[in-house]
Amino acid sequence: MSNGFRNSMTKQNTTMAPDRQRGKQAQTELPHSTAEEASSQLNPFMESVLGGWMLFQAVRDKGGKIVDFVWLSANMKSQCITGRAPSDLLGKRLLQEMPGNKTEGLFDAYVVVTETGQPFEHEFYYQHELVDHWIKIRAVKSNDGFAVSFQDITEEKQRDKLFNIVFDASYSAMVLVNEEGTIELLNHRVESLFGYTQSELLGKNIDILVPYEQRAEHVHHRKEYLKRATTREMAGSRDLYGEHKDGHLLPVEVNLNPIRFKEERLFLATVRDISERKQTERQLSRMSHFDPLTGLPNRLQLHRKVQEFIQHADEEGSSFAMLFVDLDNFKIVNDSLGHVYGDQLIIEASTRLSEQYDQELLCSRISSDEFVLVLKTPPTQTFKLSILLHDILRRFREPFKLGHKVVRLSATVGVSQYPKDGGSATELLQAADAAMFLAKSRGGNRFQYYLSTITQDAQKRLDLESGLRQALDNQTFELVYQPQIHLPSRQYVGVEALLRWKHPEKGYISPAQFIPIAEQRGMADELGTWVLRHTCQQGKRWLDAGFEFGKIAVNVAAQQMKDGTFPQTVQRVLEETGLPSSCLELEITESFAMQRAESSIAQLKELCALGVKIAVDDFGTGYSSLSYLTQLPIHKLKIDKSFVQGVTEDPKATAVVTAIIAMANALGLELIAEGIETSKQAELLLQRGCLEGQGFHFSRPLRVDKLESFVREGKLTYASRPDLPQQMSLLQS
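None of the values given here were measured: they were computed from a predicted structure. (Residues numbered from 1 in each chain as written. Predicted model: local features only at pLDDT ≥ 70, side-chain atom pairs only at ≥ 80, totals over all residues. Heavy atoms only, no water.)

Some points on the overall build of the chain
A count of helices and strands for the chain gives 28 helices and 26 strands. Within the chain, the fraction of its 733 residues that count as buried is 48%. Taking the intrachain contacts of the chain between residues at least 6 apart in sequence as the baseline, contacts between residues at least 24 apart amount to 62%. Only carbon and sulfur atoms are counted for the fraction: they give 51% of the accessible area of the chain, which is about 36500 Å². (Helix = DSSP H or I, 4+ residues; strand = E, 2+ residues; numbered from the N terminus. Buried < 20%, exposed > 50% of the residue type's maximum accessible area, 1.4 Å probe, protein only. Contact = heavy atoms within 4.5 Å. Areas by Shrake-Rupley, 256 points an atom, 1.4 Å probe, with all protein chains shown as cover.)

Structure below.
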């Protein structure tokens, strides 16, 4: 008998008490010939079975009491378990060969099998030839004795062990329950998720993990699932709430999967904590319905709420007003001071609106500088709405304190009313927007009620906006070039590139119309880059053809410089087109340069380092600070045409122009005057010391072919030296 098998028997835990005196009363063992005869009859069958088998005959004392068992037969597979050949065991006593059977109570179990016919099953572990084994035995009655089968269940036990490892290592909490909902198995994730120990949950109903208020619904759901569930049908996931041991609720996702185990139907519930997912969903929902900067409802939420207001107004027979509030010149402030101050300004503006008026109905932010108020205003209380509108304008005239900076701006308001001006949120918003735009076109800082005639103007603006977007996508713009003249010689020293847009239906649209729309709708940056690239390409073509043009001036929009990457854009365009940087002159507006001086200085220095010339456009209109002006790395000042056109009639305009010229000369800056339309204007400017100018008096902006034609025909000649004596080489037009 192997030590491994003997040791394994000592590890079993049964409750039957052994009778150690039975061996003394045992009869003589059966004759060996009888055992051999039985063995010869049973061996063919015993060897054919899959597992090991052994057959035992009871040994009784004179009183008929079983005191031992003797081996009648065994197949060869039993040797793997007993460690001995079957022939060595025939006729031997069980208690003599395996005393552990008695001490562990197995003997008593075999007696019960023999006397009652009740089968007996048992599992035990043993080690044979240093290999671990799990054996399952089954004893059944056989005549006056029993037959025992041995089945190696080591692989099954290993699978169970692997299942337990996987089950317990699962990221999800897993609970195995029966049809009544009793918990039969769970992994440690359940403990960490719900706060219970395994001992506290095993044998309990799974309802212990369900909030009391939802238990009835949970039981109903389980019963409905039982009606349709099969062994292959997994229930779809459901988002529920579980109840922690301490009583707090936690959102969970539950999947049910039916499992058939023997004759019992079980259900594996996979439970995942979705607290983070729910929080993310709440955040995404809030982001989709509320403005992240101000916390106010956004455009989507506004539309939903207004539809509710419309339904309520219809039920009560009431009305309400929609106020479209736009901050005047916010983009200039935002571009000049930076987004940090711009965000602070928006927050302060939202506070001024929401704190005062949100109790009426709703205050929302629908774009960067646009707000919408929805207010209860019965038709009989129009005066109340008028007072409120004046109050909004007054509040926005008050200075905004942004850290150590003080900013002043105003607001423009468009008003629409339900049901007079629209029957839906979209119609009311369009009407209020149209009214606001009309008020803005009249100078802003005012309010405007919607009028039916405004719709046509608004539609025109929308059509213009749409056409502008399409033209930008298809790159159907044109560039024209206006010569810049050396006033003493009347020869051209450069050209300014100007953008033109020919609408497919409306013809040429004035830049004064479409440039503000491009700036308002965020297209100015893309449009400005298109102008810069095509201008540089044209300049390179002229250079390759030997056509002299001096410098090409290009206007730069404030939006192009707001993020600080404009110098890199210019460098990239110059490298792509091959135009020398010395041929390019960039014109920035005075208001942008002054209001955002620190950022402007840094970017302008980068541009100068590339070899690009810098001119300040519209000079005289931006109330420049001389201290900032001396710090800006600029080369030229461009006198605004509003002063040039009045220079011969208005003494004040003459004084301003004279002062600008004197200042530029003192600072060593070049000068050019724009908008020269008469010879008197040109002469006066030259007398005051301005050497360059441009305007219709010399030439209108020309297409490339027309400009080249004028040069070939001698109508325009190039001044290679600005100090040439005065001569009329330009035919005036």
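There's plenty left to go through after this.
Digging into the packing of aromatic side chains
How two aromatic rings sit relative to each other is set out by the distance from centre to centre and by the angle between their planes. Applying the stated rule across the entire model yields 18 aromatic pairs. Both rings, one in F396 and one in F400, keep their centres 6.0 Å apart while their planes meet at 45 degrees; by these two values the pair is tilted. Residue F396 is classed as buried on the basis of its relative accessible area of 1%. Seen in terms of ring centroids, F477 and W501 are 6.2 Å apart; in terms of plane orientation they differ by 55 degrees. Their pairing is tilted. (Phe/Tyr/Trp six-rings, centres within 6.5 Å; stacked < 30°, edge-to-face > 60°.)

Overview of the sheet that holds strand β12 (residues 362-367)
Read across the open sheet, the five strands follow the order β12-β13-β11-β16-β17; overall the sheet is mixed. Strands with a single pairing partner mark the edges of an open sheet, and in this sheet they are β12 and β17 (447-449). Geometrically, the sheet is characterised by an average inter-axis angle of 20 degrees between neighbouring strands, direction not taken into account. Note that strand β11 (residues 320-327) and strand β16 (residues 411-418) share eight bridges and pair antiparallel. In the sheet register, A321 faces β16, and the bridge partner there is Q417. (Pairing = 2+ DSSP bridges. Axes fitted to C-alpha atoms, helices over the stretch in contact; angles between N-to-C directions.)

What to know about the pairing of strand β1 (residues 52-60)
A regular strand places its side chains so that they alternate between the two faces of the sheet. Among the nine residues of β1, eight are classified as buried, and the element is accordingly described as predominantly covered. The pairing of β1 with strand β5 (residues 145-152) spans six bridges and is antiparallel. When the sheet's bridge partners are listed, G52 is paired in β5 with F150. Note that β1 and strand β2 (residues 66-74) share seven bridges and pair antiparallel. Its bridge partner being in β2, Q57 is matched across the sheet by V70. The antiparallel pairing of β1 with β2 creates a hairpin that spans five residues between the two strands, and G64 there sits at a positive phi of about 90 degrees.

What about the packing of helix α13 (residues 299-316) against helix α17 (residues 425-441)?
Where α13 contacts α17, the axes come no closer than 9 Å and their chain directions differ by 115 degrees. Accordingly, the angle class assigned to the pair α13 and α17 is roughly perpendicular. Along the contact surface, α13 presents R299, L302, H303, V306, Q307 and I310, while α17 presents A425, T426, L428 and L429. Within the contact of α13 with α17, the residues separate by chemical class into six nonpolar, three polar and one charged. (Parallel < 35°, antiparallel > 145°, perpendicular 65-115°, else oblique. Nonpolar A, V, L, I, M, F, W, Y, C, P; charged D, E, K, R; others polar.)

A closer look at the nonpolar core
Within the largest apolar cluster, 73 residues are counted, with the highest numbers of intra-cluster contacts made by F477, V570, L584, L586, I634, L637 and I639. Apart from residues lying up to four places away in sequence, L586 is in contact with L532, V554, V556, F566, V570, L607, V612, K613, I614 and A615. One finds L353, C363, L373 and I392 within the second-largest nonpolar core, a separate group that totals 29 residues. (Core = buried A, V, L, I, M, F, W, Y, C linked by side-chain atoms within 4.5 Å.)

Here's the deal with the confidence of the model for the chain
Across the chain, pLDDT averages 80, with 80% of residues at or above 70. Low confidence marks residues 1-33, where pLDDT is under 50. Its contacts with residues over four positions away, or in another chain, come to 73 contacts. The low-confidence segment residues 41-49, where pLDDT is below 50, has 14 contacts with residues more than four positions distant or belonging to other chains. (pLDDT = per-residue confidence, 0-100.)

A short note on helix α19 (residues 511-520)
Among all positions of α19, only F514, I517 and A518 are buried. Seen from one end, α19 has its buried residues packed into an arc of 100 degrees, which puts them on one side. Positive phi shows up at G522, right after α19, with a value of about 75 degrees. (Arc of directions from axis to C-beta.)

What about the pattern of salt bridges?
Enumeration according to the criterion identifies 30 salt bridges in this entry. Note that E200 is salt-bridged to K245, the shortest N-O span being 2.8 Å. Taken together, the positions of E200 in helix α10 (residues 198-201) and K245 in the loop between β8 (238-243) and β9 (249-261) put the pair 45 residues apart, joining distant regions of the chain. A salt bridge links K715 to E713, with the nearest nitrogen and oxygen atoms 3.4 Å apart. A residue is classified by how much of its surface remains accessible, and K715, at 28% relative accessible area, is partly exposed. (Salt bridge = Lys/Arg side-chain N within 4 Å of Asp/Glu carboxyl O.)

Structural notes on the side chain of K638
Structurally, K638 is set in strand β24 (residues 636-639). Separated by 2.8 Å, the side chains of K638 and E496 make a polar contact. Those residues in contact with K638, other than ones at most four positions away along the chain, are Q484, E496, E587, V616, D617, D618, F619, I672, E674 and Q694. (Polar contact = N/O pair within 3.5 Å; in protein donor to acceptor, adjacent residues only side chain to side chain.)

A word on the pairing of β16
Judged by how many residues are buried, β16 sits mostly within the fold: eight of eight residues are covered. Both faces of β16 are covered, namely the face carrying A411, V413, V415 and Q417 and the face carrying T412, G414, S416 and Y418. Pairing geometry for β16 and β17, over three bridges, is parallel. Along β17, the bridge assignment pairs V413 with F447. Note on the crossover from β16 through α17 to β17: the handedness is left-handed. (Right-handed = clockwise from strand over helix to strand, strands pointing away.)

Points about the environment of D144
In this structure, D144 sits in the loop between β4 (131-141) and β5. Taking the C-alpha atoms as reference points, D144 and F56, 88 residues apart in sequence, are found 8.6 Å from one another. In contact with D144, other than residues within four places in its own chain, are Q57, A58, R60 and T114. For D144, the side chain forms a polar contact with the side chain of R60, separated by 2.6 Å.

Brief notes about the environment of V374
Checked against the element boundaries, V374 lands in strand β13 (residues 370-376). Judged by its relative accessible area of 0%, V374 falls in the buried class. Each C-alpha atom, one on V374 and one on C363, is 6.6 Å from the other, the two residues being eleven residues apart in sequence.

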